[in-house]
Amino acid sequence: MARSRAAYEYTEAEDKSMRLGFLLIAAGLLSLLGLGCCWLRPALQERGGGGSANCTVLAVRQLGERFACTFSCGAACRGTARYPCLQVLVRTSRSSAPALLHEDERQLRTNPKCSYIPPCARDDQENSENVTYKQKYWKEKVGSQPFTCYFNQHLRPDDVMLKRTHDETVLLHCFLWPLVTFLVGVLIVVLTICAKSLAVRAEAIKKKKHL
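Residues numbered from 1 in each chain as written. Predicted model: local features only at pLDDT ≥ 70, side-chain atom pairs only at ≥ 80, totals over all residues. Heavy atoms only, no water.

**A closer look at the overall build of the chain**
For step 1, the next point in the chain: Each helix and strand in the chain was counted, giving five helices and five strands.
For step 2, the next point in the chain: In the chain, the succession of helices and strands from N to C terminus is α-α-β-β-β-α-α-β-β-α.
For step 3, the next point in the chain: Across the 211 residues in the chain, those meeting the buried criterion constitute 32%.
For step 4, the next point in the chain: Considering only contacts within the chain whose residues lie at least 6 apart along the sequence, 72% involve residues at least 24 apart.
For step 5, the next point in the chain: Surface exposure of the chain reaches about 13700 Å², of which carbon and sulfur atoms provide 58%. (Helix = DSSP H or I, 4+ residues; strand = E, 2+ residues; numbered from the N terminus. Buried < 20%, exposed > 50% of the residue type's maximum accessible area, 1.4 Å probe, protein only. Contact = heavy atoms within 4.5 Å. Areas by Shrake-Rupley, 256 points an atom, 1.4 Å probe, with all protein chains shown as cover.)

**Examining the state of the cysteines**
For step 1, the next point in the chain: Overall, the coordinates contain three disulfides when judged by the stated rule.
For step 2, the next point in the chain: For cysteine 55, the disulfide goes to cysteine 149, at an S-S distance of 1.8 Å. Residues cysteine 55 and cysteine 149 are joined through a disulfide that is right-handed, its torsion about the S-S bond being 65 degrees. Placement of cysteine 55 in strand S1 (residues 50-74) and of cysteine 149 in strand S4 (residues 147-152) is noted, with a sequence separation of 94 residues between them. (Disulfide = S-S within 2.5 Å.)

**Some details on the environment of glutamine 62**
For step 1, the next point in the chain: Tracing the backbone through its elements, the reader meets glutamine 62 in strand S1.
For step 2, the next point in the chain: Distance from glutamine 62 to valine 88, taken between C-alpha atoms, is 8.9 Å for residues 26 residues apart in sequence.
For step 3, the next point in the chain: For glutamine 62, the residues in contact, after removing those within four places along its chain, are Pro84, Cys85, Leu86, Val131, Thr132 and Gln135.
For step 4, the next point in the chain: Within the structure, glutamine 62 has its side chain in polar contact with the side chain of glutamine 135 (distance 2.8 Å). (Polar contact = N/O pair within 3.5 Å; in protein donor to acceptor, adjacent residues only side chain to side chain.)

**Points about the UniProt feature "transmembrane region" (unreviewed entry) in the chain**
For step 1, the next point in the chain: The feature "transmembrane region" (unreviewed entry), as given by UniProt, occupies residues 20-42 and 175-199 in the numbering adopted here.
For step 2, the next point in the chain: Helix makes up 100% of residues 175-199 and strand makes up 0%, while its end C-alpha atoms are separated by 36 Å. (UniProt positions renumbered as here; feature names shortened; annotations may be inferred.)

**Comments concerning the nonpolar core**
For step 1, the next point in the chain: Grouped together as the largest cluster of nonpolar side chains are 17 residues, with contacts concentrated most on Val57, Val88, Val90, Leu101, Trp138, Phe147 and Val160.
For step 2, the next point in the chain: Elements supplying a minimum of two residues to this core: S1, strand S2 (77-92), strand S3 (95-102), helix H4 (124-142) and S4.
For step 3, the next point in the chain: No other element matches the four residues that S1 contributes to this core.
For step 4, the next point in the chain: Sequence-distant contacts of valine 57, that is, excluding residues within four places in its chain, are made with Val88, Leu89, Val90, Trp138, Val142, Gly143 and Phe147. (Core = buried A, V, L, I, M, F, W, Y, C linked by side-chain atoms within 4.5 Å.)

**Overview of the side chain of threonine 192**
For step 1, the next point in the chain: Tracing the sequence through the fold places threonine 192 in helix H5 (residues 168-210).
For step 2, the next point in the chain: Judged by relative accessible area, threonine 192 falls into the buried class, the value being 8%.
For step 3, the next point in the chain: With residues up to four places along the chain from it excluded, the contact list for threonine 192 reads Glu14, Ser17 and Met18.

Quick look at the structure:
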């Protein structure tokens, strides 16, 4: 019995391999749990209360109102600038009423009154030029061409988004790599146990032959 126990004792290399496997398993599980709470729940809420539609531009306009944004000018330097409010009104295939278009859910939450928030520059004129360029894009390049837009009943049912925050590709990568980490950990543990078992059997067969 003592010999059997001694035979199944792991060497230092095998012990390190087992620890690595269990560490990868724990890391994969914790990552899956964390991402499930942070990503899966909002994504399911988004998909549960939203959908896609075909949108057509009705009007593109700049309001007289300007909004503040914060720009960075160094490691410990921040400032405030202003940008004009651009509104893109669209008609959707799910409703005849005009809807306000937004870049995504983040932009909608940041400024629900405007359709576009430019990268904040120190110069207000540069911010205005960026907004004007976007206005020309929607007027001249998109025009009356239909495009896919998204709506979300949980946020503002009368507004639509150009893209979703929780994209399928992002969600796939967020859950794929923790799952791969977990499976690699399981594989390391299983292979280490199998290798040890085979080594013990080989040793037992070798001893029987010598008897």
